[in-house]
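Architecture and fold: a report
Take a look at the letters that make up each chain.
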Amino acid sequence: MQRTDIGRPDYFHKVVDCQWACPAHTPVPEYIRLIAEGRYSDAYMINWKSNVFPGILGRTCDRPCEPACRRGRVEDEPVAICRLKRVAADNKDDITGRLPPLATVKNGKRIALVGAGPASLTVARDLAPLGYELHLFDGDAKGGGMIRSQIPRFRLPESVIDEEVGYITGLGVTERYGEHIDSLKGLLGQGYDAVFVGSGAPRGRDLDLPGREEAKANIHIGIDWLSSVSFGHIEKIGKRVIVLGGGNTAMDCCRTSRRLGGEEVKVIVRSGFEEMKASPWEKEDAIHEDIPILNFLVPVSFSHKDGKLTGVIFDKVVAQYDDKGRRKLVSSGEPHQHFLCDDVLVAVGQENSFPWIERDIGLEFDEWGMPKVDETTFQSTREGVFFGGDAAFGPKNIIWAVAHGHEAAVSIHLHCQGQNIADRPPPGVTLTSQKMGIHEWSYDNDISNDLRNRVPLRDKATALSNVKLEVELGFDKILGYKEAERCLNCDIETVFAEPLCIECDACVDICPMDCISFTDNGDEADLRTRLKAPALDLTQDLYVSGELKTGRVMVKDEDVCLHCGLCAERCPTGAWDMQKFLLDITHAGGCPKSPVDEAMRTAAE
């Protein structure tokens, strides 16, 4: 193998698994260390730079970072990364003075943002300081999009939404709420220099089954019903409720039903429990609130009498697999099961709907009715029209919408400056030694076992009594510190200098994970089998040195390294050093020279 090029921006980025897994590439260990130091405002601003909505995401994120966390490789559970965002948000000081200043000079470019959800708000956050005139359109009376309309208040208080949306709109964005865009051609005719579509996936899928029309008064589309609850249009539901669907929307529907008078609420799913799309913690929360989840039941029809819903009839199914491992659900042959209910909430998925986009304006759609969007630039087939969030590639979650917004903002800025939008500015990367003495580091490198701390919950009876009462109480400062201390500081990288190595094997002897080997070089497949501990995870790189004096090479398995620093402490010559890797994601205007980056420059110091 060739010597590893650690100068590539993605090399150490990939080793910081949590940050690599985060679509917005939040520097997780960096802000967790700041929390441990009690620097909550600094931790918040580090988050705000990358993921834009720390208080919102600290309560609602789908947490792609946590399954990647290295703590989960040595213990049962990862660090509670998501809930530590909330610790920063709950304990910060007034940060308004640290936000980018209002642009004193406009650059003459006008941008229309369709939909005031997380993708559009991220675009606005990145472009406003650059002097763009931004018009934010939304049919609702306030900004936030699905954050405000579909996430229940018991999970996300409205005050948090108002605060974090306000940070963005306060940068000089023109809010045009209550204005529904019904023609993209008409919008383009108003002379905007670019249009960003972040309108989400606003239509819930229905179930066209026998009895649907006759019982329609008590059969509700889940996302529409949640919106009606959020805006105060619905305040009660029947005592017996069936929720159809196994995603996070279904979990929100069933838990909301319990708070609006549902005494017997069931979630009924066609798949198995483990195959449900809902996040594991969402299912746990529903079960904690006495909501049973019934699996492998496919709805056949709605029963009704005298024009009123009486229940749902299901076919029991089993999973069968072909010789290629593909699964198919087939009827078990058992008699149909009839569950009585007063109301049904249908939460079986969401769809995009673009009736307001004309098909004769040079914007192409695929066979599923989705716009054709470049996955790097987020531009459609019509120059100057960009998409992001659920509107671009279908329903995902808030953190993906934020990531799309950052990239789209870069493209819009390049487009408006007459530059090639495919020429993406690279991120900024710094590596800084953490050595304070021969055996002392500027970070906590204790890797002792510490069980994950549970987030305190409000008493169940009290929580179920009010749809607006937040269930999770969050970590206090003490629990936040304890959880922060579980972080293994994976951004503190082991950096090897071949000229200083005397091949004494001291690092090999002291490594608790057997991840360092000195051996003859070879091709990767062979080399992975000849290490002190075979490197079987092909998704993680091997760190390979240049040729040493004996002709051997040093090989470290990045997959199992705990970044404990024992190799650097033990090395008699200083061939190993622990260096902090910090990635500055690219923002519109370049990196790290954009106003957002300038406003953030001192947060990590």
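Quick summary incoming for the structure in this document. (Residues numbered from 1 in each chain as written. Predicted model: local features only at pLDDT ≥ 70, side-chain atom pairs only at ≥ 80, totals over all residues. Heavy atoms only, no water.)

**So, the overall build of the chain**
What counts is decided by this rule: Starting at the N terminus, helices and strands are each numbered in turn, a helix being any DSSP run of H or I of at least four residues and a strand any DSSP run of E of at least two. Note that the radius of gyration is over C-alpha atoms, with the globule rule given as 2.2 Å times the number of residues to the power 0.38. Exposure classes here rest on a 1.4 Å probe applied to the protein chains alone. A residue is buried below 20% of its type maximum, exposed above 50%, and partly exposed in between. Throughout, the Shrake-Rupley method with a 1.4 Å probe supplies accessible areas, and for residues the shown protein chains are the sole cover considered. We score Asp and Glu as negative and Lys and Arg as positive, and we do not count His or the chain ends. Lys charges are placed at NZ, Arg charges at CZ, Asp charges at CG and Glu charges at CD.
When helices and strands are tallied, the chain shows 23 helices and 22 strands. The globule rule puts the C-alpha radius of gyration for 605 residues at 25 Å, and the 26 Å found for the chain is close to it. C-alpha extents for the chain along the principal axes are approximately 90 × 65 × 50 Å. Counting the 605 residues in the chain, one finds 56% classified as buried. Accessible area for the chain stands at about 25600 Å²; split by element, carbon and sulfur atoms hold 50% of it. Where the 71 positive side-chain charges of the chain centre and where its 94 negative ones centre are 3 Å apart.

**What to know about the sheet that holds strand β20 (residues 542–544)**
Put simply, the test is: The criterion for strand pairing is that DSSP finds at least two bridges linking the strands in question. Axis lines are fitted through C-alpha atoms, for helices just across the contact stretch, and the angle between N-to-C directions can take any value from 0 to 180 degrees.
Taking strand neighbours across the sheet as the criterion, the 3 strands line up as β19-β21-β20 in an open arrangement whose pairing is antiparallel. Edge positions in the sheet fall to β19 (516–519) and β20, since each has one partner strand and no second. Each neighbouring strand pair of the sheet contributes to a mean axis angle of 25°, computed without reference to strand direction.

**Details of the side chain of His 587**
Note the following rule: Residues adjacent in sequence count toward polar contacts only when both atoms are side-chain atoms; beyond that, a polar contact is any pair of N or O atoms within 3.5 Å, and within protein one must be able to donate a hydrogen and the other to accept it.
For His 587, the position within the fold is in the loop between β22 (576–584) and α23 (595–600). Within the structure, the side chain of His 587 is placed 3.2 Å from the backbone oxygen of Lys 49, a separation counted as a polar contact.

**A look at the environment of Lys 435**
Within the element layout of this structure, Lys 435 appears in the loop between β17 (428–433) and α18 (460–463). Looking at Lys 435, the relative accessible area reads 35%, which means it is partly exposed. For the pair Lys 435 and Ile 492, spaced 57 residues apart in sequence, the C-alpha to C-alpha distance is 11 Å.

**Notes on helix α19 (residues 477–484)**
Test applied: The arc in question is the one traced by the directions running from the helix axis out to the C-beta atoms. The criterion used for residue contact is that any of the two residues' heavy atoms lie within 4.5 Å.
Within α19, the full set of buried residues consists of Gly 480, Glu 483 and Ala 484. Projection of α19 onto a plane perpendicular to its axis shows the buried side chains occupying an angular sector of 100°, all on one side. Residues of α19 that are buried make contact with α3 (28–36) and α8 (81–91). Of the residues that open α19, the one with a side-chain oxygen 3.1 Å from the backbone nitrogen of Ile 478 is Asp 476.

**Observations concerning the nonpolar core**
Short version of the rule: In plain words, nonpolar cores are sets of buried Ala, Val, Leu, Ile, Met, Phe, Trp, Tyr and Cys residues tied together by side-chain atoms within 4.5 Å.
Core analysis: the biggest nonpolar cluster contains 67 residues, and Leu 134, Leu 184, Leu 187, Val 195, Ile 357, Phe 387 and Ile 412 have the highest contact counts within it. The leading source of residues in this core is helix α17 (residues 398–416), at 10 residues. Residue contacts for Val 195: discarding those within four places in its chain leaves Ala 112, Val 114, Leu 184, Leu 187, Leu 188, Gly 384, Val 385 and Phe 386. Of all hydrophobic cores here, the second largest spans 57 residues; its members include Cys 65, Ala 89, Tyr 443 and Tyr 543.

**Some thoughts on the packing of helix α9 (residues 118–127) against α17**
Heads up, the condition is: Oblique is the label for every angle not falling under 35 degrees (roughly parallel), over 145 degrees (roughly antiparallel), or within 65 to 115 degrees (roughly perpendicular). Definitions for this section: a left-handed crossing has its near helix turned counterclockwise from the far helix by less than a right angle. A right-handed crossing has that turn clockwise. Here the term charged refers only to Asp, Glu, Lys and Arg, the term nonpolar to Ala, Val, Leu, Ile, Met, Phe, Trp, Tyr, Cys and Pro, and the term polar to all other amino acids, Gly among them.
α17 packs onto α9 with a crossing angle of 40° between their chain directions and a minimal axis gap of 7 Å. The orientation of α9 with respect to α17, classified from their angle, is oblique. Crossing hand, α9 versus α17: right-handed. Residue-level inspection shows Pro 118, Ala 119, Thr 122, Val 123, Arg 125, Asp 126 and Leu 127 of α9 in contact with α17, the latter providing Ile 398, Ala 401, Val 402, Gly 405, His 406, Ala 408, Ala 409, Ile 412 and His 413. Residues of the contact of α9 with α17, tallied by class, amount to 10 nonpolar, 4 polar and 2 charged.

**Topic: the side chain of Thr 586**
Tracing the sequence through the fold places Thr 586 in the loop between β22 and α23. Overall, Thr 586 belongs to the buried group, its relative accessible area being 13%. Reaching out from Thr 586, the side chain makes a polar contact with the backbone oxygen of Pro 425 at a distance of 2.9 Å. At 3.3 Å, the side chain of Thr 586 forms a polar contact with the backbone oxygen of Pro 426.

**Details of the sheet that holds β22**
One open sheet holds the 3 strands; their spatial order is β17-β22-β18, and the pairing between them is antiparallel. Taken across any chain shown, the strands that pair with only one partner, and hence form the sheet edges, are β17 and β18 (492–496). Strand-to-strand twist of the sheet, defined as the mean angle between neighbouring strand axes without regard to direction, takes the value 40°. Sheet topology places β17 next to β22; 6 bridges connect them, and they run antiparallel. If you follow Gly 428 over to β22, its bridge partner there is Asp 584.

**Topic: unusual backbone geometry**
Residues other than glycine seldom take positive phi values, yet Phe 296 does so here, at roughly 60°. Its location among the elements puts Phe 296 in the loop between β9 (293–294) and β10 (297–305). Exposure remark for Phe 296: the relative accessible area of 24% places this residue in the partly exposed category. Positive phi is not limited to glycine here, since Asp 306 has a value of about 55°. With respect to the helices and strands, the residue Asp 306 is situated in the loop between β10 and β11 (308–321).

**Examining the packing of aromatic side chains**
Rules: Two rings belonging to Phe, Tyr or Trp (six-membered ring only in the last case) form a pair when the distance between their centres is within 6.5 Å. Interplanar angles under 30 degrees mark stacking, angles over 60 mark edge-to-face geometry, and anything in between is tilted. The rule is short: NZ of Lys or CZ of Arg within 6 Å of the ring centre and within 35 degrees of the ring normal puts a charge over the ring.
Throughout the structure, instances matching the rule amount to 11 aromatic pairs. Aromatic ring contacts, followed pair by pair, group Tyr 11, Phe 12, Tyr 543 and Phe 581 into a single cluster. The ring of Phe 154 has Arg 259 sitting right over it, with the charged end atom 3.9 Å from the ring centre.

**Side note on helix α14 (residues 248–259)**
As a reminder of what qualifies: To estimate the expected span of a helix, count its residues, drop one, and scale the result by 1.5 Å.
Spanning 12 residues, α14 covers 17 Å between terminal C-alpha atoms, matching the ideal 16 Å at 1.5 Å per step. Buried residues of α14: Asn 248, Ala 250, Met 251, Asp 252, Cys 253, Cys 254, Arg 255, Thr 256, Ser 257, Arg 258 and Arg 259, and no others.

**Side note on the pattern of salt bridges**
Put simply, the test is: Basic side-chain nitrogens of Lys or Arg form a salt bridge, by our definition, when they fall within 4 Å of a carboxyl oxygen of Asp or Glu.
Following the criterion strictly, the structure yields 53 salt bridges and no others. A salt bridge links Arg 486 to Glu 483, with the shortest nitrogen-to-oxygen separation between them at 2.8 Å. On the accessibility criterion, Arg 486 (0% relative accessible area) is buried. Each member of the salt-bridge network shares a partner with another, and the members are Lys 142, Arg 148, Arg 153, Glu 158 and Asp 162.

**With respect to the environment of Asp 526**
Checked against the element boundaries, Asp 526 lands in helix α21 (residues 524–529). A sequence separation of 409 residues divides Asp 526 from Gly 117, and the C-alpha atoms of the two residues are 50 Å apart. A polar contact of 2.9 Å, which involves the side chain of Asp 526, links it to the side chain of Arg 530.

**Details of the packing of α3 against α8**
Following both chains from N to C, one finds α3 and α8 inclined at 50°, their axes separated by 10 Å at the closest point. On the basis of the axis angle, α3 is oblique to α8. Two packed elements cross with a definite hand, and for α3 against α8 that hand is left-handed. Across the interface between the two elements, Val 28, Tyr 31, Ile 32 and Ile 35 from α3 touch Ile 81, Leu 84, Lys 85, Val 87 and Ala 88 from α8. Within the contact of α3 with α8, the residues separate by chemical class into 8 nonpolar, no polar and 1 charged.

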